[in-house]
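Remarks on the overall topology
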Amino acid sequence: MLKLLGVPAWQAEGADRPLPTTLPGCLLIHLACAGHWVERGQLAALFWPDAEREQARHHLRVNLHRLRQWLDGIGQGDALLAERQRICLTLPGDLALLEQACLEADGAALLARPAAAWLQGFRSDGLDTFWDWADRHGARLQRRWDDAARRALQRAGSAAWRAPLRALLDDGPAPRQTDDDALCGRAEWLGRVRRETAPALVLLGEAGVGKTSVLKAAFPGAPVLQGREGLAQMPYRPIVELLLPRLDVLRALLRQPERGLAAYRLDLARLLPELAVDEPLPPLDALSARARLLEGLARVLEALGPLLLVDDLQWVDAASLELLALLSHRGRLRWRGAARGEELPADHRQWLARQQDLRCLPLPGLALEAVQLLLGRAGQDAADAPALLAASHGNAFVLGELLRARADGVAVSPRVHELLLRRWQALSAAARGLIGAAAMLARPLPLAVLGHVAAVPDAELLTAARQALEAALLREEPDGALQCRHDLVREAVLAVLPAFEAQSLRQRAALALGARPEGAAEPLAVAALWQAAGETQTALAWLHRGAAQQKLRGRYEEAQALWQRIAAESREPALALQARLSLAECALLHDLPAGRQALQQVLALAGAVADPAQREQIEGQALAGLVDNAVFSGDLAAAAALAERLRPLLPRLPLAERCNACEVLIELAMREPDIPAAWALLGQLRQLAPARPTLLSYEGQIHWFGGQVRAARDAFELLLARHPDYCRGLTIESDLGVMLQALGDLPRAEAMARRSLQSWQGVAHTETLSLLMLGLTLTSAGRYGEARGVLDQALALGRAQGSALFEAEALTRRARLYWQSGCIELAEADLAAAEPLLAGSRDPLRVSHLSWLRGLVREARGLPPDPALAARVRALLPRSHHPLLLIRLARLDGLAGDVAAAARQVAIARDAGLLEPLAEGLLLQASGLPAQEARPLLLEAVELAQRQGFVELLGRADAALASTGR
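Each chain carries its own residue numbering, running from 1 in the direction its sequence is written. For a predicted model such as this one, the threshold for reporting local features is a pLDDT of at least 70, and the threshold for listing and counting side-chain atom pairs is 80 or more; totals across whole chains, interfaces and linings nevertheless cover every residue. Heavy atoms from the whole structure form the basis of all side-chain values; hydrogens and water molecules are not counted.

**With respect to the pairing of strand β9 (residues 307-311)**
What counts is decided by this rule: Burial classification: accessible surface area is computed with a 1.4 Å probe over protein chains only, and a residue below 20% of its type maximum counts as buried, one above 50% as exposed, and the rest as partly exposed. A run of DSSP states H or I qualifies as a helix once it reaches four residues; a run of E qualifies as a strand once it reaches two. Both are numbered from the N-terminal end. At least two bridges found by DSSP between two strands is the condition for calling them paired. Here, the term right-handed applies to a crossover whose path from the first strand over the helix to the second runs clockwise when the strands point away from the viewer.
With five of five residues buried, β9 lies mostly within the body of the structure. Of the strand pairs in this sheet, strand β8 (residues 224-226) and β9 are connected by three bridges, and their pairing is parallel. When the bridges of β9 are listed, V224 appears paired with L309. Bridging between β9 and strand β10 (residues 334-339) involves four bridges; their strand directions are parallel. Bridge pairing in β10 links L308 to W335. Handedness of the β-α-β unit built from β9, helix α14 (residues 318-330) and β10 comes out right-handed.

Shown next as structure tokens:
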């Protein structure tokens, strides 16, 4: 323990190690007194007020390093938590005991005045601002202690405080002065919990034994995550309940750039809609959403303080457990939990066993001495302590209930449920109904909602609520919501409710929760209520909504499991098919053949749905999914045939499905390419959903496929500037990288590719696109080893997804790498493998790329030009005039002897802003010219290649320029 009252020292195992009277020692004192995160700038300004900002920060870094060395020497190196912008020290100390005594015992007049003992004998020259702060802090401690002591002496004589004082000095804070105090006899446990250094600690014990009371007394004011019975299927519910009352604090944290939380605002808004009111959220893939949401929540909790309490861990959902594991792994925040050991589900037990940074401690019941002390405080005969201990088995809550029953004149009984039920039965019917509704809902809710569920008339609501609160069967939360005072109350009430009344309560509760606004909807809780009421089919319909919510929040596996259950158990064909359709859509980004087969099966069964509107909705969704699948499989002919079946259904589809179908048709139109049709569809989409985040993205893509590369880049630059948070829902970074690479900005293109890989980590479809773009960029930059590894990875991912399109693209780009680096035979092998994959393709850019590379490889092998290659590209001209296609055709014509082809390539590339083909065209145009005419062209090519980093072109241009010099 860190002792600052008296001679400052570290106390461990009966020995004191004095604090060094040095600047690191002063730093330790200030951080220990703060007890929370301190900004680095604020700390540096306190100790070096006259130094320049950077110089002060340098001094701070040096002295923090010296402080950590001293802490390592006492085995407490992990207590110093350092981040880029803030510092925190988590050492147990006597100031915490002093604070606890003020809060819980209201002071002790017999304790020596702390101001006189504050930092006794600890003084050094210099550091005037620190000593001014230390003097002010000591005076505040003295005033606080004097006030608490006066209040204590007014309430009870000084003799009543001798035992609490000794407990404070020897073994922790004095116990509370309440009848059902769980802290009686817990001084040893308070000290033990405070001294524990593990990143995570869980106290195990039966309900009511005092686990939570010990934790809250050991760490007063720490935020609490509250697990709730019956809500373990609701991801992150304890997190939401913790953060909702702190929305103003959270908004303030999001506005602080040094904390790095702003980038997670829209991720957090999926749990807390109040953070993005009336703001459309971007479409977000389930896999990336899960990782982003976990990271954002971890940073938020770490920003709230260095310690977190977790109550009723046995009812905490799997998503929140995953977050707790991440917190203990990161090590920036320590959390302490309480769990009912006998009620821990098997999954929770396995989770606890897997955590390497977590320690479990069983908390025993109260000893006889604690019961005797509690009876003495309550003014009752201590001789009854053995009987009460036997009745309560040392359970603090049960003991308190028994003492309360005795005070009310009820015979002492070991069956706490009977005591609670007697109290419950003495209330009015309206109050009993409120308590029954609270027991059924198992969560804090407004009085109006509880009254609606209990069918209590409005005129009787307030009176009934007051009765339930006075009977200590309900409790009021800070925000005014009501819930059962304790789980034992809920268990007792539910045990005696008649089956018909319980079923009616569940039905009304499900209707009340289901009618809440969309942002506050909790479909999984509603489903659980309908299931408990025996309405399985209704529950399945709510499970379908809950599965969609879980997927949106990144709980991908749980969503799939729910849809599988719905598909297997639903007796309604439409709901079963919708579940199967959702499962098929899940496979779209990872296994194209499996997703295609599943979509086809759903489409074949859609005729079994009797309702025409539902049938058309399922058909439209299935067809849209199949079009999307065919586009990314590279089968444009199949996509076009499916699109013809989809278009007649568009006017009759619901808004969300119609918007999705329009986007799918735009994807197809761009690749056919039918640019006018793509613009028309984008116009329809803009009318249907003018605030849809994808509008600017599709505008940029249409510009790209139409050949307006600069306009496409500008659209994506604008989208990135306006909506940087959407990079996890749209492929903004990858698409912008394509434009930058084409325009020759290799450093920014590489940066965008790597950002995209980070944003979409774990999503095979988008990872493949980003890797393909990164491989091409590295090839242009002459970093062949890196490019080879990246393209090999893209090829493997493309094959794993069953996408001929991705596989062909990876092979052709790797062939270009091999050709550019002189590995002609390897380039030929890749092109031969890509040829059958693109044999039936109508995609102008990919077909022209393959033909262009085959022509270059033939030239490298000394073979005559193949006229069929140029003819194949020329046949694409009626469908596309993209500058890349025209440049590749000009190159093939040049190989066939067209002397004007190089000049055409230069003109097309210069007009479109495509700098790499421009530099190559200048080299080709200079070839064969007299030295005097060739030299200006070569100088421009050298300057362009050197400025943009085109390594292979720069080598060729330098060699050509040197030859003209000779």
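**Regarding the sheet that holds strand β5 (residues 80-82)**
Note the following rule: When checking whether two residues touch, look at their non-hydrogen atoms; a contact exists if any pair is within 4.5 Å. What counts as an axis is a line fitted to C-alpha atoms, over the stretch in contact for a helix, and the angles between N-to-C directions run from 0 to 180 degrees.
One open sheet holds the three strands; their spatial order is β4-β6-β5, and the pairing between them is antiparallel. A single partner strand is all that each edge strand has here, and the edge strands are β4 (38-39) and β5. Note that β5 and strand β6 (residues 86-89) share three bridges and pair antiparallel. Looking at the pairing, A82 lines up with I87 of β6. Helix-sheet contacts for helix α1 (residues 23-34) involve β4, β5 and β6, and the interaxial angle to β6 is about 80 degrees.

**A short note on the packing of aromatic side chains**
Here is the rule: Here the aromatic set is Phe, Tyr and Trp, taking the six-membered ring for Trp, and pairing holds for ring centres within 6.5 Å; pairs whose planes are under 30 degrees apart are stacked, those over 60 apart are edge-to-face, and all others are tilted. Lysine and arginine charges are scored as sitting over a ring when NZ or CZ, respectively, is within 6 Å of the ring centre and within 35 degrees of the ring normal.
Overall, the coordinates contain five aromatic pairs when judged by the stated rule. Summarising the aromatic geometry, the rings of F130 and W131 are spaced 4.9 Å apart at their centres and angled 70 degrees between planes, so their arrangement reads as edge-to-face. For F130, a relative accessible area of 0% puts it in the buried group. In this structure an aromatic cluster arises from ring pairing among F47, W48, F130, W131 and W133. One Lys or Arg, R86, reaches over the ring of W37 and ends 3.9 Å from the middle of that ring. Across the ring face of W315, the terminal group of R490 is positioned such that the distance to the ring centre comes to 5.8 Å.

**A closer look at unusual backbone geometry**
In this structure, the amide linkage connecting E672 to the following residue, P673, adopts the cis form with an omega of -15 degrees. By the secondary structure assignment, P673 is in the loop between α32 (655-671) and α33 (675-688). Phi angles above zero are rare outside glycine, and A442 is one such case at about 55 degrees. Note that A442 resides in the loop between α20 (429-441) and α21 (447-454). Backbone geometry places A455, a non-glycine residue, at a positive phi of 60 degrees. Taking relative accessible area as the criterion, A455 reaches 53% and is therefore assigned exposed.

**Points about the sheet that holds β9**
Either a parallel or an antiparallel arrangement is found when strands of a sheet pair, and the pairing is made through backbone hydrogen bonds. Here we have five strands laid out as an open sheet, ordered β8-β9-β10-β7-β11, and parallel in their pairing. In this open sheet, the two strands that pair with only one neighbour each are β8 and β11 (358-362). Adjacent strand axes in the sheet meet at a mean angle of 20 degrees when their direction is disregarded. In the sheet, strand β7 (residues 200-204) pairs with β11 via five bridges, with the strands oriented parallel. Counted as the bridge partner of L201 is R359 from β11. Most of the contacts of helix α8 (residues 187-195) go to β11, to which it runs at about 175 degrees, and overall it touches β7, β10 and β11.

**Quick look at the nonpolar core**
Selection rule: Take the buried Ala, Val, Leu, Ile, Met, Phe, Trp, Tyr and Cys residues and link them wherever side-chain atoms come within 4.5 Å; each set so joined is a nonpolar core.
Residues L313, L324 and W335 are the most contacted members of the largest nonpolar core, which totals 178 residues. Not counting residues within four places of it along the chain, the set of residues in contact with W335 comprises P199, A200, L201, V202, L308, V310, L324, L327, S328, W351 and L358. Counting 62 residues, the second-largest nonpolar core is a separate cluster that includes L474, A527, L540 and L562.

**Description of the pattern of salt bridges**
Filter applied, for reference: Salt bridge criterion: a side-chain nitrogen from Lys or Arg within 4 Å of a carboxyl oxygen from Asp or Glu.
Scanning the entire structure with this criterion turns up 45 salt bridges. D267 is the salt-bridge partner of R292, the closest N and O atoms lying 3.8 Å from each other. With R292 in helix α13 (residues 286-304) and D267 in helix α12 (residues 265-269), the pair connects residues that are 25 residues apart, well separated along the chain. Judged on exposure class, the residue R292 and its partner D267 are both buried. Of the charged contacts in the structure, one is a salt bridge between R813 and E809, with a shortest N-O distance of 2.8 Å. With R813 and E809 both in helix α40 (residues 804-820), this residue pair falls four residues apart, about one helical turn. Just as R813 is buried, E809 falls in that class too. Linked by salt bridges that have partners in common, E295, R299, E302 and R330 make up one network.

**Points about the confidence of the model for the protein**
Threshold: The pLDDT value tells you how sure the predictor is about a given residue, anywhere from 0 up to 100.
Per-residue confidence for the protein gives a mean pLDDT of 84, with 90% of residues at or over 70. The model gives residues 104-116 a pLDDT under 50, and that stretch makes 46 contacts with residues more than four places away or in other chains. Across residues 153-182 the pLDDT falls below 50, and counting only partners more than four positions away or on other chains, this stretch makes 56 contacts in the model.

**Some words on the environment of R783**
Put simply, the rule reads: Each polar contact in these results corresponds to two N or O atoms within 3.5 Å; when the atoms are within protein, one needs to be able to donate a hydrogen and the other to accept it, and residues that are neighboring in sequence are counted only if both atoms are side-chain atoms.
With respect to the secondary-structure elements, R783 resides in the loop between α38 (764-780) and α39 (784-801). A relative accessible area of 29% means that R783 is categorised as partly exposed. Once the C-alpha coordinates of R783 and V951 are considered, the two residues, 168 residues apart in sequence, prove to be 8.6 Å apart. Once residues lying within four places of it in the same chain are set aside, the contact partners of R783 are E750, R754 and L778. A polar contact of 2.8 Å, which involves the side chain of R783, links it to the side chain of E750.

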